[in-house]
Amino acid sequence: MILAILQVRVSSTRLPAKVLKPIFGKPMFLHQYERIKRSKLINKIVIATSDDMSDNPIEELCIKNSIDYYRGNLHDVLDRFYQTAIKYKPQHIVRLTGDCPLMDPNVIDTVIETHLNGKYDYTSNTLEPTYPDGLDVEIFTYQCLIEAYKMASLPSHREHVTPYIYDKNNNYKLKNVSNIENLNYLRWTVDEELDFQLVNKIFEELYFENPEFSYRDILKLIVRIPELKTVNAHFNRNEGFGISRKNDLIDEQQPSKKITQNRYIKSQNLLNRSRKSIPLGAQTFSKSITHFPEGVSPHFIEYGNGSRVWDIDGNEYIDFSSSLAAITLGYNDIDVNNAVKNQLEKGSIFSLSHPIEVEVAEKLIEMVPCAEMVRFGKSGSDATAGAIRLARAYTGRDHVAICGYHGWQDWYIGATSRNRGIPKSTAELTHFFQFNNIESLEKIFKNHQNNVAAVILEPMNTEFPQNNFLQLVQELSKKNGTVLIFDEMITGFRFSNGGAQEYFGVTPDLATFGKGIANGFPLSAVAGKAEIMKLMEEVFFSFTFGGETLSLAASLATLKKLQHEPIIKQMRKQGQKLMEQTSQILNEYGMKDLVRLSGDPVWSFIHFNDTHSYSQWEIKTLFLQEVFKRGVLTTGTHNISYSHTDEDLSIIKNVYQEVFLLLKKAINEGNLYEYLETKPIEPLFKLR
Ligand code: PMP
């Protein structure tokens, strides 16, 4: 199949909106389209225009005239060609530009014939031009286009689509088609007003008599009216290409920078737009520019399937962030989807409770050791805030001991450096202790004797509990009459079907769940001993969407799947392989001092250490820039899901091999800032 792609845009700089300029009442590019249509060898023609608003009229005209079209990247025309081509998967692509209204179908067919007969990779009549400027035809194989799309980095290569292919270093089989007579001094392309006047005049002279006039008819006309030869002869051929080559030179010192920026054009545009209506341009710090360095990261995901997600620029990623650990089965899980669809047909919320609330509560009681009763919330912070309020009500005490992150609400976040807007009196009731440091907890009990309502901690975060830490915390809490809460937001339904409490064999008084409880649907839960949970009948933990059924249906499907398939076992197996292969790379490169791995296989972490020249944040930013570029989405954690395959692991292995080597080189050579294409990210919580 031979696909012709005619690139057309309204926002041309030298002669704005030239493609829409009417000749005999019809926009210029439609004349060109009709002339191309008479080619005998082209099987399909698609107009590739941009998604910039200025190109809306092109779309409207295509629709009106039943012409196939594609809208894509304004500046990265190579991307536009690639996206168009992968839709049709042709063997060969003919490239035509919308500024050639005198295009001749016979010239097109001559170039195509030469290309096919000689089995060339790229054929054109422009390598050594002997045809009039404006009869430019290029044809190349699908394979060449794919390679150019992946490899081309210079601005001129992205804007002009083919230079990467005909660049002599790439060893493609090239062919130039020459005219018998050298007519390259004639200029029939339209870049300037004078060009347009010339073309208009040619149409006036020839179109009426024969709408299918050929380029030979134009040559005859020129003999008759010689000034048609000279009217625009003072303009240079290929001026646009010259201008963009100059930009290459400016950019040549950092060619990779352009590749990176080209990957995220739509993301960046939407981020700019988003920041006008949404503070920070995101709903969650961990999804925002605080974690995804601007200019070198995707900012918007369009869809996901299994372990993969696609950003709005069409880049594909293996996602190891798994929506901040909310995805445990994989994106678009069929069982969860079906459960939600079934429930959707019945309704998402009602004026009274729904039976599914009881079903999910009973399922959690069946699975989680501490769960004798359950209440639901929407976000994890609902659950932790509810559990803390419950513990305060149960004990009649005010102070709480915390360890790690437990949500956005006042009771917790007041104790961190991001505490703006929180009354001091609230913040003063919350005290940090350190994981695996029982003395730090003892100190809190000592300082606030008989006034510690709750101890809340994740049973595990980056480090395994050591020296019976969890048992000691439990004993200490019991001794002090304090409620012990395990925050199992991430560990729940990731470490085992009964959470980390089951995995480590320590049963808390209360536990909070969220994230993976419903494979990405907004549901959280407080579960625990009936004696304490009963108090929820008094304590105010009550909100409109508390019994929302779609998320409960998703949860029931997720929990049942956990019981019926070896999900956690598989996650642990894949996570273990990932940790081992990553550790092997770091060993091989002798990078153990610089990069450290930690955590459980189902939820593992990469830590960067400061060097004498660079901070961990600078190193991490370079890491993020490079892994995103290679199609891996992680912010330094591996939140494994059931859908991560061996193929995913082998891809990330290659990516890490490249990226860690690059980090090592940049650090050793002391030129990390030269590799860094953006400002380093900063810690969300500053040390005080
Ligand atoms: N606790 C822990 C351990 C968490 O990881 C989180 C979320 N990062 C929360 C509580 C708060 O959950 P949410 O963001 O859903 O409110």
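Definitions and cut-offs
- Residues numbered from 1 in each chain as written.
- Predicted model: local features only at pLDDT ≥ 70, side-chain atom pairs only at ≥ 80, totals over all residues.
- Heavy atoms only, no water.
- Near = heavy atom within 4 Å.
- Polar contact = N/O pair within 3.5 Å; in protein donor to acceptor, adjacent residues only side chain to side chain.
- Areas by Shrake-Rupley, 256 points an atom, 1.4 Å probe, with all protein chains shown as cover.
- Nonpolar A, V, L, I, M, F, W, Y, C, P; charged D, E, K, R; others polar.
- Core = buried A, V, L, I, M, F, W, Y, C linked by side-chain atoms within 4.5 Å.
- Buried < 20%, exposed > 50% of the residue type's maximum accessible area, 1.4 Å probe, protein only.
- Contact = heavy atoms within 4.5 Å.
- Salt bridge = Lys/Arg side-chain N within 4 Å of Asp/Glu carboxyl O.
- Helix = DSSP H or I, 4+ residues; strand = E, 2+ residues; numbered from the N terminus.
- Pairing = 2+ DSSP bridges.
- Right-handed = clockwise from strand over helix to strand, strands pointing away.
- Axes fitted to C-alpha atoms, helices over the stretch in contact; angles between N-to-C directions.
- Parallel < 35°, antiparallel > 145°, perpendicular 65-115°, else oblique.
- Left-handed = near helix turned anticlockwise from the far one by under 90°.

A. Broad picture of the site of the ligand. Surveying the vicinity of the ligand reveals the residues Ser379, Gly380, Ser381, Tyr405, His406, Gly407, Glu458, Asp487, Met489, Ile490 and Lys515. Interatomic distance of 2.8 Å between a backbone N/O atom of Gly380 and an oxygen atom of the ligand. Between the ligand and the protein, one listed contact pairs a nitrogen atom with a side-chain N or O atom of Lys515 at 3.0 Å. In isolation the ligand offers 390 Å² of accessible surface; the protein chains occlude 80% of this area. Split into classes, the residues belonging to the shell around the ligand amount to 3 nonpolar, 5 polar and 3 charged.

B. Quick peek at the nonpolar core. In this structure, Leu364, Phe376, Phe493, Phe623, Tyr656, Phe660 and Leu663 are the most contacted members of the largest nonpolar core, which totals 82 residues. Ignoring anything within four residues of it in the chain, the contact list for Phe660 reads Thr582, Ile585, Leu586, Tyr589, Met591, Val595, Ile606, Phe608 and Phe623. If you look at the next biggest cluster of nonpolar residues, it comprises 53 residues, including Val19, Leu30, Leu198 and Ile222.

C. Fine view of the pattern of salt bridges. Under the criterion given, the structure shown has 33 salt bridges. With its nearest N and O atoms 3.4 Å apart, the salt bridge here joins Lys21 to Glu193. Residue Lys21 is found in the loop between β1 (2-7) and β2 (22-23), and its partner Glu193 is found in helix α8 (residues 193-206); the two are separated by 172 residues along the sequence. Its relative accessible area of 35% is what places Glu193 among the partly exposed residues. As a salt-bridge pair, Arg38 and Glu212 come within 3.7 Å of each other at their nearest N and O atoms.

D. Representation of the pairing of strand β5 (residues 69-72) in the model. Judged from the 4 bridges that link them, strand β4 (residues 44-50) and β5 form a sheet pairing that is parallel. The residue bridging Ser50 from the neighbouring strand is Gly72, located in β5. Taken together, β4, helix α2 (residues 56-64) and β5 form a β-α-β motif whose crossover is right-handed.

E. The arrangement of the side chain of Thr621 in detail. Here Thr621 is to be found in helix α26 (residues 616-629). With relative accessibility at 0%, the residue Thr621 sits in the buried group. Only 3.0 Å separates the side chain of Thr621 from the backbone nitrogen of Ile681, close enough to count as a polar contact. Those residues in contact with Thr621 that sit more than four places away from it in its chain are Pro293, Leu676, Thr678, Lys679, Pro680 and Ile681.

F. Quick look at unusual backbone geometry. Here Val161, not a glycine, exhibits a phi torsion of approximately 65°, which is positive. Mapped onto the fold, Val161 is located in the loop between α6 (155-159) and α7 (163-166). Assessed through its relative accessible area of 0%, Val161 is described here as buried. Positioned with a positive phi, Ser322 is a non-glycine residue whose angle comes to about 45°. The residue Ser322 is located in helix α14 (residues 322-325) in this model.

G. Fine view of the packing of helix α25 (residues 567-588) against helix α27 (residues 646-669). At a minimum axis separation of 10 Å, α25 and α27 run at an interaxial angle of 20°. When the axes of α25 and α27 are compared, the pair comes out roughly parallel. Seen along the crossing, α25 lies across α27 with a hand that is right-handed. Counted together, Gln574, Lys577, Leu578, Gln581, Thr582, Ile585 and Leu586 of α25 and Asp646, Leu649, Ile652, Lys653, Tyr656, Gln657 and Phe660 of α27 form the full contact between these two elements. For the contact of α25 with α27, a count of residues per class yields 7 nonpolar, 4 polar and 3 charged.

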